[in-house]
Amino acid sequence: MRWLKWFEFRGKSLFHISYSLHRLTGIVLVIYLVMHLSYLTSIRMGREVYEYFTSITLTPAFLIFDILLVLAGVYHGVNGLRLILHEFGLGYELRRPLLYLCYLLTLVLWLYASYQMYLFVMGV
Amino acid sequence: MDVIFRVRRFDGEKSYWSDFVIPAKKGMTVLEGLYYIKENYDGSLAFRASCRMGICGSCAVKINGRPVLACETQILHLNSTTIKIEPLDNFEVIKDLVTEFDGFFTKHEAVKPYLIRKEDRYSEPEELIQKPEQLYAYYKYSLCIKCGACYSVCPASSSRDDYLGPAAMTAAYRFIADSRDEGDGERMQIVCGDCGVWRCHFAAECSEVCPKKVEPAKAVQKLRFRSSIYMLKKFFIRW
Amino acid sequence: MRIRNDIVIVGAGLAGMRAAIAASEVSRDLSIAIVAKTYPIRCHSVCAEGGTAAVMREGDSFDLHAWDTVKGADFLADQDAVEFFVREMPKEILRLDNWGCPWSRTQDGKIAQRPFGGHSFDRTVFAADRTGFHEVHTLYERMLSYPNIVRFDEYFMTNLVIEDGEVKGLTAIELKTGDIILFEAKAVIIATGGAGRLFGFTTYSHQVTGDGLAVAYRAGVPLKDMEFFQFHPTGLIPSGILMTEACRGEGGYLRNSKGERFMEKYAPAKMELAPRDVVARSMWTEILEGRGLESPYGPYIALDLTHLGEERINERLPLIRDAAIKFAGVDPVEEPIPVRPVAHYTMGGIHTNMYCETPVRGLYAAGEAACVSIHGANRLGSNSTAECLVFGRVAGERAAEYALKKSYYPSTDFLKEEEKRINSLFREGEESAYEIKAELNRTMDENLWIFRNEDGMAEAVKKIRELKERYKNVSVADTSKKFNTDLTFALEVGFMLDLAEVVAIGALKRRESRGAHYRTDYPKRDDERWLKHTLAYYSKDGPIFEYLPVTITKWQPVERTY
């Protein structure tokens, strides 16, 4: 299948892998967006329905999904900013340092966000 | 030292692998290995080759998963006892390692890759002045040997057949950046179209594999910038 | 299958593409087909490195360029053609500039020129050290803008059709499908290049096997001066990749094992920038007398660029640096490059006059495949790309005018015969085309190299005749139709054997030394008996030789010293 070629990792540079991850996280975020919107609009069915959803999802068991989701979101955002810069024709010579910076920022922001979520869910 | 060349063959109907033992010496290139197979094992092995010095672009093949020029790759530098050789991706295979290149050249032709000047003085030409800085602004992009390696790794090219591809767009940028050229408008139309710059999302693999370090990813990004300006101008002028 | 055009050009190198453009400029109504066995930008012309000579600035003159060319040719060049050639050259450079060629520039933006071997003025126009590459791409891209030029890429020519003293077309194998196509045309231009792969140690691409030369020869067109093969002084060992003359033009030195610049002994005025045959002979003499440096690939001479500095090498000789690092593991900035004289150019070719016309009506030849002759017994550097441009244009214009005047399309039934002949190669035979080629290369390298003698050449003639007998039993193992490279290789070896016979017997008959043809048993130039061109005609029992006088207009032969 030709569209699967986006996700070929073997023998490809980190730039290409970042591109594939950008696509993957994009798909994940779109699916999440749909889920999140239906989750939020459930309030029109009444306060109890909404609070029922909240009681299931804002629990330590769901934390792992949230952490992964945040990873996807942070990566997509930071990488997206890098792509915006390059696609304006700027900074091509610095593309390697910028790529490493992107991954570093992703890691730092993700760890921070995960920690905050952990604190919130654990009720500290 | 003996290495095994595992070559992906295609006889018009089915694809299969053939193994050959090559006695590799220091300095022996993969292309010389392919000729060795042809002369000693199987004369029907089909591949393209000409200059053997990395300037004609005929011998681009995938070696151990990465597209390179076979004539420039030394067997012993690959550090592996089995060398997997396959034809380039995103091209239709005609036979063994020979792929269909007509489409690639048609795309190159589509961006009008020739100097366009308002006055075409054929019988009494005049010298055009171009300072060295102006030459260096585009010279790197004129080194493209049309080998097809960039096209082989481009994910946008694998998803859509009509995407112009890194090589064609580098050629377009090479002329747009040439101080002697006067045909910006014509080329921009083609490059800003449906299968042009907007399909590139900077996987930048093309720049990684280019054997001549032409940096097609840079050319495409610069072209994007010019395309945005062009489209904005067109929009406001129409207003 | 039959395809009909006004003009068919065989060979899509510099000369072929320039001819197509010129013909199209004469009239947009002509249908022009270019038939080539590879895509145009994969031609051997892309390997040209040094530059293209033209008279462009104050201080230079047409007479000076012509004199340099005639003296370099050891007075075997036809002087009327040379005078015509030098006057047409500057416009070609400017045309290429207008078509987008990235010529290297001086600080004030004008086209730069560099010194070159054998030229008395710095007149070689260049584009870094990839001149041929840029010229080919410029011509190819310009050719795309003409709607009446149709390309037939990857069609392997097998035969010319000449009937009733005029050319009718040619047959070619469409490599993609394996079908044999008959191209019928009013005019045919042959621009298929030289025959360098006759030799084992050569700068030529794998595809340069003298197809056009052999096909024309078999069809009755005479070949001229085939015994003159140029040996370029600096070929990288062991691959044979060209290290351009520009290395020496930019100031490089040649050193022997003692570290001396030995050219002082042989050409004290010009030193390393003497014409190529002089330098090649000097280098080979040094090697034979034991002053060559040793390596696992045989003796070599050192090409020393270390004193030029990294910046100059990166600006003027980038391809050389890249090739030396990649193919010999040597960085020219730090160490000298190992080089040895290498077979490089075919001065001989299809006999044409100054207007690219051959004795057959409607058949033209241009570029390295033709012998006008402007290079005579030795070609000056940067004159070959120049020749392709000028005579490519002339051939295109002449062919176009001929086609416009001709009222009918010739037709022929040649196709069936040709199909039978090709199919007969798929037989059960014991000989391998690859072995025959390897032995041919060995014979040519040993006996028809820089220093030739009677015994060696007679031995070569015998061996070539033996190989031709063996070739009659050659078998093609691959019986598939699509892209049968086994078949094309066997056909190429057949072409090369015919040409080798012409070269060897022509060299044996010429009892003198002139230019690139040097015999240890007749080391002097003999103007009384041998100031003439060799013409070879095909016959079943081997080539028949005739001789043609050289056209002299301004310059009588003098002693050739540098």
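The rules behind the values
- Residue positions are counted from 1 within each chain, in the order its sequence is given.
- Here every chain gets a letter starting at A, and every ligand a number starting at 1, in the order they are written.
- Residue-level local features of this predicted model are given only where pLDDT is at least 70; pairs of side-chain atoms are given and counted only at 80 or more, and the full residue set underlies all totals for whole chains, interfaces and linings.
- For every domain, the bounds stem from an assignment made automatically or drawn from a database.
- Once C-beta atoms are placed from the backbone, any two residues with those atoms within 7 Å are in contact.
- Put simply, DSSP H or I for four residues or longer makes a helix, DSSP E for two residues or longer makes a strand, and each gets a number counted from the N terminus.
- In the scheme used here, Gly and all other residues not listed as nonpolar or charged are polar, with Ala, Val, Leu, Ile, Met, Phe, Trp, Tyr, Cys and Pro taken as nonpolar and Asp, Glu, Lys and Arg as charged.
- Counting other C-beta atoms within 10 Å of a residue's own tells you its class, since 20 or more makes it buried, 12 or fewer makes it exposed, and anything in between is partly exposed; those C-beta atoms are placed from the backbone.
- Summarising the geometry, the arc corresponds to the directions from the helix axis toward the C-beta atoms.
- Throughout, an axis means a line fitted to C-alpha atoms (over the contacting stretch in the case of helices), and angles, computed between N-to-C directions, take values from 0 to 180 degrees.
- For classification, angles of less than 35 degrees are called roughly parallel, those exceeding 145 degrees roughly antiparallel, those between 65 and 115 degrees roughly perpendicular, and all remaining angles oblique.
- The crossing is said to be left-handed when, going from far helix to near helix, the turn is anticlockwise and less than a right angle, and right-handed when the turn is clockwise.
- We call two strands paired when DSSP finds no fewer than two bridges between them.

**Topic: the domain arrangement of chain B**
All names here are of chain B. Domain boundaries assigned for chain B yield domain 1 (2-99) and domain 2 (102-238). Distance from the C-alpha centre of domain 1 to the C-alpha centre of domain 2: 30 Å. Across the boundary between the two partners, domain 1 contributes 14 residues, which contact 12 residues of domain 2. At four residues, strand β4 (residues 66-69) tops the list of elements feeding residues into the side of domain 1 that touches domain 2. Looking at the side of domain 1 that touches domain 2, its residues break down into eight nonpolar, three polar and three charged.

**Things to note about the arrangement of the chains**
The assembly contains two pairs of chains in contact; the pair sharing the most contacts is chains B and C. No part of chain A reaches chain C; the closest C-alpha pair between them is 20 Å apart.

**Some points on helix α1 (residues 30-40) of chain B**
Residue and element names in this part refer to chain B. Here α1 has its buried residues at Val30, Leu31, Gly33, Leu34 and Lys38. Buried residues along α1 cover an arc of 160 degrees about the axis, so they all sit on one side. At its buried positions, α1 is contacted by β1 (2-10), β2 (15-23), β3 (60-63) and β5 (82-86).

**Regarding the packing of helix α6 (residues 166-176) of chain B against helix α9 (residues 216-238) of chain B**
Angle between the axes and distance between the axes are the two parameters that describe a pair of packed helices. All names here are of chain B. Look at α6 against α9: their axes get within 8 Å of each other, and the N-to-C directions meet at 60 degrees. As the angle between them shows, α6 and α9 are arranged oblique. Note on packing geometry: the crossing formed by α6 with α9 is left-handed. In contact with Pro166, Ala167, Met169, Thr170, Ala172, Tyr173 and Ile176 of α6, α9 contributes Pro216, Ala219, Val220, Lys222, Leu223 and Arg226.

**Describing the sheet that holds strand β3 (residues 52-53) of chain C**
All names here are of chain C. With antiparallel pairing, the three strands of this open sheet are ordered in space as β3-β5-β4. Bordering the open sheet on either side are β3 and β4 (113-114), each of which pairs with just one other strand. Relative to strand β5 (residues 124-125), β4 is paired through two bridges, and the arrangement is antiparallel. Residue pairing for β5: Gln113 is matched across the bridge by Val125.

**Observations regarding the environment of Leu319(C)**
Locating Leu319(C) in the fold gives a position in helix α10 (residues 318-328). With residues near it in sequence (within four places) discarded, Leu319(C) still touches Glu49(C), Ala128(C), Asp129(C) and Arg130(C).

**Structural notes on the interface of chain C and chain B**
At the interface, 43 residues of chain C touch 42 residues of chain B. Of all the secondary-structure elements, those providing two or more residues to the side of chain C that touches chain B are α3 (79-99), α4 (131-143), α10 and α15 (485-509) of chain C. Grouping the amino acids of the side of chain C that touches chain B by side-chain chemistry returns 15 nonpolar, 14 polar and 14 charged.

**Brief notes about the packing of α3(C) against helix α11 (residues 384-405) of chain C**
Residue and element names in this part refer to chain C. Viewed as axis vectors pointing N to C, α3 and α11 meet at an angle of 90 degrees, and their least axial separation amounts to 9 Å. Looking at the two axes, α3 sits roughly perpendicular to α11. On the side of α3, the interface is formed by Phe85, Glu88, Met89 and Glu92, while α11 contributes Ala386, Glu387, Leu389 and Val390. The class makeup of the residues in the contact of α3 with α11 is five nonpolar, no polar and three charged.

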